[in-house]
Amino acid sequence: MNFSRSVLSLSLVVALSQSAFAKDGEWLTTDSLIKPSKYAENFERYDHVNPNAPKGGTLNSISIGTFDSFNPFIVKGTSAAGLNYTGGLLYDSLMEQSVEEPGTSYPLIAEAFKHPADYSSATYRLNANAKFHDGKPITAEDVAWSFDVLKANYPLYNKYYGNVTEARVDAPNMITFVFDQKNNRELPHIMGDLPVLPKHWWTGKDKDGNQRDITKTTLEEPVGNGPYRIKSFKPGSEIIWERVEDYWAKDLPVRVGRYNFNERRYVYFKDPNASWEAFKKGGLQDLRIENRSKNWATGYTFPAFKEKKVIKRTFTSGSGEAFSGYFINTRKERFNDRRVREALTLAYDFETMNTNLFYGFYTRTDSYFEASELSSPKAAPTGLELEILEKYRGQVPDGVFTEKFELPVFKSRGDTRKNLRRAIALFKDAGWTFKDQKLVNAKGEQFKIEFLGNSPTDERITSPYLANLRRLGIDATLRIIDTSQYINRTRNWDFDLLFAGAAQSQSPGNEQREYWSSAAADLTGSRNYAGIKNPVVDDLVERIIFAKNREELVALTHALDRVLLWNYYAVPGWHLPVIWTAYWDKFGIPDTQPAYIGVDIDSWWIDPEKAARIESTD
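Residues numbered from 1 in each chain as written. Predicted model: local features only at pLDDT ≥ 70, side-chain atom pairs only at ≥ 80, totals over all residues. Heavy atoms only, no water.

1. Notes on the overall build of the chain
A count of helical and extended segments in the chain gives 20 helices and 25 strands. The C-alpha radius of gyration computed for the chain amounts to 25 Å, which stays within 12% of the reference 25 Å derived for 618 residues, consistent with globular compactness. By its C-alpha atoms, the chain is 70 × 65 × 50 Å across when sized along the principal axes. For the chain, with 618 residues in total, the buried portion stands at 57%. A fraction of 71% describes how many contacts in the chain between residues 6 or more apart in sequence connect residues 24 or more apart. Taken as a whole, the chain presents about 25400 Å² of accessible surface, with 49% of it coming from carbon and sulfur. (Helix = DSSP H or I, 4+ residues; strand = E, 2+ residues; numbered from the N terminus. Rg over C-alpha atoms; globule rule 2.2 N^0.38 Å. Buried < 20%, exposed > 50% of the residue type's maximum accessible area, 1.4 Å probe, protein only. Contact = heavy atoms within 4.5 Å. Areas by Shrake-Rupley, 256 points an atom, 1.4 Å probe, with all protein chains shown as cover.)

Rendered as structure tokens:
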């Protein structure tokens with residue numbers, strides 16, 4: 001939805017009253033980048049949760065692949081389910097992003113924060129009750145150490161916190177982050193996302209007297225400070241998390257009525273098909289976020305579903321849709337030419353795939369900021385966006401200024417012929433000729449593409465695209481490898497085309513550097529899958545980070561979206577505008593779920609009577 005500039009300006013003034021217009025150095029207990037917090041200073045719990053939800057039972061889940069590490073903060077190994085670089089079940093962060101509102105965070109390890117009027121630093125005051133699972137208090141030293149090692153060892157933090165020059169310990173419970181720039185409104189906010197690790201544990205020795213090293217993988221169970229700890233595991237095949245009974249934050253507003261399962265068990269499967277069969281049988285997977293249209297359309301005919309022991313339910317989210325598509329690796333010379341990338345886009349027939357493979361459920365993705373006010377308008381740019389783009393005239397495709405961006409449509413055989421002819425013409429302009437049923441360059445070398453996948457499903461969804469590329473004379477193949485190889489090859493940019501996603505927040509900022517910037521293009525493990533090195537993109541990213549207000553942020557993001565689309569760095573895929581959920585009927589579920597994220601599984605609980613009925617009839 002797009003709002004008028006006047007409405008945006010009015011909402012901005014109200015929104016900034018909690019932060020930018022707060023008194024210089026005033027302690028704040030909530031932070032909102034978009035609009036005022038619905039709870040303001042009176043936050044006791046989320047509206048959607050059941051504060052009396054019972055604790056108990058086990059949530060059984062399935063993961064695909066394997067794991068070999070409990071350290072998610074390095075670009076090595078494969079982390080176990082429940083761990084990720086934002087902490088997961090084991091680690092809490094300074095503040096917590098709201099599940100009900102975009103761009104809003106609330107206290108967790110930090111009970112309050114403040115910043116000067118010019119946003120040149122941010123100071124956090126820690127909760128005196130915050131402690132690690134071994135009982136040791138969380139201190140500013142732990143926060144400073146966490147910042148230093150995470151920024152040094154993980155690409156996401158290296159770029160995300162690139163403008164933070166120092167984590168200064170002011171007192172045992174107080175830390176200040178010093179910035180090398182002013183007027184970046186997002187920096188104080190994103191510092192709250194920092195997970196806090198136990199310095200004493202990671203710098204200590206293990207039970208055998210060996211020095212621990214956070215730059216290496218480990219299968220020693222780390223000490224955490226979050227709602228769960230590791231109970232047991234079988235390397236590569238199973239991990240069980242147990243709820244921490246004396247969890248220090250259990251009564252904080254962001255935790256009331258949430259994290260109700262006594263145990264969370266993850267069993268690993270190599271094959272998604274096997275995991276589907278396990279779900280139907282029961283016992284290994286209690287809840288499934290369904291991402292297979294065939295399953296949703298035709299697969300729910302098994303006995304447990306007919307007996308109403310398994311429930312299908314659809315949720316909706318207001319958080320926008322993640323971009324997904326085939327990212328084109330421009331680090332390889334044959335993909336450097338924009339005309340080649342546009343030609344590859346012209347060969348992608350979404351409409352036929354949606355009908356034949358996806359039962360018509362999906363919607364074509366046509367924005368890197370899909371289904372939000374940040375998505376570029378489906379018309380030529382006007383107003384402030386046009387003013388922004390004028391700076392780059394001659395550096396971006398001319399169509400950016402005069403046309404709406406449109407993806408090819410395949411509704412008939414005539415469309416197929418038309419789109420493939422246009423693709424051949426673009427290849428010819430780029431120096432490739434269709435000869436003897438092959439697309440070749442001046443040296444007679446055939447154009448080759450290897451798609452990379454890690455699931456049998458990849459073959460099903462890629463085959464129609466491969467067929468069209470082969471009609472163009474391209475030697476197009478798909479290589480399916482195991483998850484570990486896939487992760488390593490992706491991290492090291494060893495692919496031609498890769499189907500991947502790029503999730504976005506409703507308040508884009510520093511993270512855009514990791515997605516699109518030249519500095520991230522060759523950084524191992526970054527999310528700049530396409531290897532984009534474009535000075536216009538770099539400049540727009542920096543301007544987004546320093547946007548003065550919401551109106552300017554939205555216009556700049558529209559411009560960035562449009563420039564990315566017109567450069568064809570990825571062949572856009574599809575998205576599902578709802579959340580398909582299926583679960584064994586053993587849960588208590590709040591009457592409503594948060595409209596922003598759509599579904600908050602952490603607010604669910606095990607209903608003992610329902611669970612007993614399921615177990616007695618298995």
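2. Regarding the packing of aromatic side chains
Summed over all chains, the structure comprises 55 aromatic pairs. Measuring from centroid to centroid gives 6.5 Å for F315 and W604, while their planes differ by 45°, and the two rings are tilted. With a gap of 289 residues between them, F315 in strand β13 (residues 310-315) and W604 in the loop between β24 (587-588) and β25 (605-606) connect regions that are remote in the sequence. One cation-aromatic arrangement involves R212 over W201; the distance from NZ or CZ to the ring centre is 3.9 Å. Here R264 stacks its cationic end above the ring of Y228, 5.8 Å away from the centre of that ring. (Phe/Tyr/Trp six-rings, centres within 6.5 Å; stacked < 30°, edge-to-face > 60°. Lys NZ or Arg CZ within 6 Å of the ring centre and 35° of its normal.)

3. A short note on the pairing of strand β23 (residues 579-584)
Across the 6 residues of β23, 6 count as buried, placing the element largely inside the fold. Burial along β23 is two-sided: I579, T581 and Y583 and W580, A582 and W584, pointing in opposite directions, are all buried. Pairing of β13 with β23 involves 6 bridges; the strand directions are antiparallel. Its bridge partner lying in β23, F315 is registered against I579. (Pairing = 2+ DSSP bridges.)

4. Brief notes about the pairing of strand β8 (residues 174-179)
Summarising the sheet, strand β6 (residues 121-126) and β8 pair through 5 bridges and their orientation is antiparallel. From the neighbouring strand, Y124 faces β8, where its bridge partner is I175. Bridge analysis of strand β7 (residues 164-171) against β8 gives 6 bridges, and the strand direction is antiparallel. Across the sheet, the residue bridging to V169 is I175, located in β8. Between β7 and β8, which pair antiparallel and follow one another directly, the connecting turn spans 2 residues.

5. Considering the pattern of salt bridges
The full count for this structure, using the stated rule, is 42 salt bridges. Where D602 meets R264, a salt bridge forms, and the shortest distance between an N and an O atom there is 2.9 Å. With D602 in the loop between β24 and β25 and R264 in strand β11 (residues 263-269), the pair connects residues that are 338 residues apart, well separated along the chain. Of the two residues, D602 and R264, both sit in the buried class. A salt bridge links D522 to R331, with the shortest nitrogen-to-oxygen separation between them at 3.9 Å. Note that D522 is positioned in the loop between α17 (518-521) and α18 (535-545) and R331 in the loop between β14 (323-328) and α9 (338-346), a separation of 191 residues in sequence. Look at the salt bridges and you will find they share partners, linking D92, E96, R255, R258, R264, D600 and D602 into a network. (Salt bridge = Lys/Arg side-chain N within 4 Å of Asp/Glu carboxyl O.)

6. Some thoughts on unusual backbone geometry
In this structure, Y119 is a non-glycine residue whose phi angle is positive, near 55°. Take Y119: its relative accessible area is 5%, and that puts it in the buried class. We note that Y568 has phi near 55°; this positive angle belongs to a residue other than glycine. Residue classification places Y568 among the buried residues on the basis of a relative accessible area of 7%.

7. As for helix α15 (residues 483-491)
Along α15, the residues that are buried comprise T483, Y486, R489, T490 and R491. Two to three positions downstream of the cap, the backbone nitrogen of S484 sits 3.1 Å from a side-chain oxygen, assigning the N-cap of α15 to D482. Following α15 by one or two positions, W493 adopts a phi angle in the positive range, close to 60°. (Polar contact = N/O pair within 3.5 Å; in protein donor to acceptor, adjacent residues only side chain to side chain.)

8. Remarks on the side chain of K586
Turning to its location among the elements, K586 is positioned in the loop between β23 and β24. Side chain to side chain, K586 and D286 meet in a polar contact 3.2 Å long. Not counting residues within four places of it along the chain, the set of residues in contact with K586 comprises T58, N60, D286, W605, I606, D607, K610 and A611.

9. A word on the environment of K391
Structurally, K391 is set in the loop between α11 (383-390) and α12 (399-402). Between the C-alpha atoms of K391 and T218, which are 173 residues apart in sequence, the distance is 50 Å. Apart from the residues lying within four places of it in its own chain, the contact partners of K391 are D539 and R543. A distance of 2.8 Å separates the side chain of K391 from the side chain of D539, its partner in a polar contact.

10. As for the nonpolar core
Buried together is how nonpolar side chains tend to be arranged in soluble globular proteins. Formed by 81 residues in total, the largest nonpolar core has its most connected members in L94, Y124, Y161, F177, W241, F587 and W604. Tallying contributions element by element places helix α2 (residues 140-153) first for this core, with 7 residues. Not counting residues within four places of it along the chain, the set of residues in contact with F177 comprises L94, S120, S121, A122, Y124, V143, F147, V164, E166, A167, M191 and L194. In terms of nonpolar packing, the next biggest core, distinct from the first, is built from 47 residues, L407, L553, V554 and L556 among them. (Core = buried A, V, L, I, M, F, W, Y, C linked by side-chain atoms within 4.5 Å.)

11. Focus on the packing of α9 against helix α13 (residues 413-429)
Packing of α9 against α13 brings their axes to within 8 Å, and their N-to-C directions diverge by 165°. It follows from the interaxial angle that α9 and α13 lie roughly antiparallel. Seen from above, α9 lies across α13 with left-handed handedness. The segment α9 lies against α13, with R339, V340, E342, A343, L344 and L346 engaging N419, L420, R422, A423, L426, F427 and D429. Of the residues in the contact of α9 with α13, the class split is 8 nonpolar, 1 polar and 4 charged. (Axes fitted to C-alpha atoms, helices over the stretch in contact; angles between N-to-C directions. Parallel < 35°, antiparallel > 145°, perpendicular 65-115°, else oblique. Left-handed = near helix turned anticlockwise from the far one by under 90°. Nonpolar A, V, L, I, M, F, W, Y, C, P; charged D, E, K, R; others polar.)

12. A look at the sheet that holds strand β4 (residues 104-107)
The strands that make up a sheet are held in pairs by hydrogen bonds between backbone atoms, and each pair lies either parallel or antiparallel. One open sheet accounts for 3 strands, arranged β1-β4-β3; its pairing is antiparallel. Across the chains shown, the open sheet's two edge strands, defined by having one partner strand only, are β1 (31-32) and β3 (95-97).

13. Here we look at the sheet that holds β13
One open sheet holds the 3 strands; their spatial order is β12-β23-β13, and the pairing between them is antiparallel. The open sheet has two edge strands with one neighbour each: β12 (287-289) and β13. Direction aside, the axes of adjacent strands within the sheet are offset by 20° on average. For β12 and β23, the ladder comprises 3 bridges, and the chain directions are antiparallel. Residue pairing for β23: I289 is matched across the bridge by T581. Relative to β23, helix α6 (residues 272-281) is tilted by about 50°, and along the sheet it contacts β12, β13 and β23.

This is a description of form; function is not addressed.
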